[in-house]
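Remarks on the overall topology
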Amino acid sequence: DFAETFTSRLPFADEPLVLAEDGALAGEWRWSGAPAFFADTGRFAGYRGVARREGDLPQQVQQPTGDFLPAEDDGLRELMHELRTPLNAIIGFGEIIEGQYLGPAHRSYRERATEIVRQARRLSDAVDNVDLAARLRSGRLQGEGTSDLSGLRDVLDEVRDEAGGRGLRIGIDDRAGDVRIALPSALAERLVRQFSAAMIEPAVAGEQIGIVVDRLDSNLAIGVDRATALRGLTEQQILADRGRAGMRFALRLVQGLAVMTGGRLDIGADRLVLLLPLAH
């Protein structure tokens, strides 16, 4: 049955899985998941995962509109607001130690403060992404207009400059021309920044990574080459490798937000590609 098929193929299916030949679930699906355990006993509880239909959705399958869980989304956004207050305090205290604003601090303390600030800012970005996802689910971002590529190009230039400070060489091949994205500029820029920064994070000094910006059917495609540390890894290993928790978390957020906006994240053998819908 469905449950048995689901659990038997998780945590990852290299081949698409056909659920049914007709009906709302008809077609090929690709599964990705991880084991879950009961908190009180530690016993295995099954798998938690996500499924992505291969190809286009059937016309009869209706997409959720965000009218179903407005109270839940509002509660989530309120929680995100509450999280920002202590995060901003942590960042502020860390910067005080890092900058020695209240007096001299030993180098080891300053280095630890720098790492605390970096991790807190990463968590703050994640909070912003969750808040953004809540707004997307509730439909609050629908109809906020389209955007051109000027902002995205500025983001990629900034990422290249930041990577250069780490000794990386980033080549950008922009073939997209003059197109518009069917997303607000702030949302599109956040997705591209999170995606490109996450892909470059595992790279080490001296590596060269290519970024390609092009049109693919009705989407804008931003492809980033795999760093050496990511070559040969499967989709599951890239998204679930505990050794690269920051990158994994960022890519999962990008993947979820991309799907919510009508795009997707494709994980290829040589590069990962973020697809964003173009305005008609």
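To keep things clear, this report deals only with the structure shown in the data block. (Residues numbered from 1 in each chain as written. Predicted model: local features only at pLDDT ≥ 70, side-chain atom pairs only at ≥ 80, totals over all residues. Heavy atoms only, no water.)

Further remarks concern unusual backbone geometry. Of note in the backbone geometry, glutamine 100 takes a positive phi value of approximately 55° without being a glycine. Note that glutamine 100 resides in the loop between α2 (70–99) and α3 (107–138). For aspartate 217, which is not glycine, the phi dihedral falls at a positive 55°. Examined against the element boundaries, aspartate 217 turns out to sit in the loop between β7 (208–216) and β8 (219–225). (Helix = DSSP H or I, 4+ residues; strand = E, 2+ residues; numbered from the N terminus.)

Glancing now at the environment of glutamate 95. Along the polypeptide, glutamate 95 turns up in helix α2. As for glutamate 95 and threonine 114, which are separated by 19 residues in sequence, their C-alpha atoms are 7.4 Å apart. The residues contacting glutamate 95, other than those within four sequence positions of it, are Tyr101, Val117 and Arg121. Within the structure, glutamate 95 has its side chain in polar contact with the side chain of arginine 121 (distance 2.2 Å). (Contact = heavy atoms within 4.5 Å. Polar contact = N/O pair within 3.5 Å; in protein donor to acceptor, adjacent residues only side chain to side chain.)

A few words now on the environment of leucine 257. Tracing the sequence through the fold places leucine 257 in helix α7 (residues 245–260). C-alpha of leucine 257 to C-alpha of leucine 191: the two residues are 66 residues apart in sequence and 7.7 Å apart in space.

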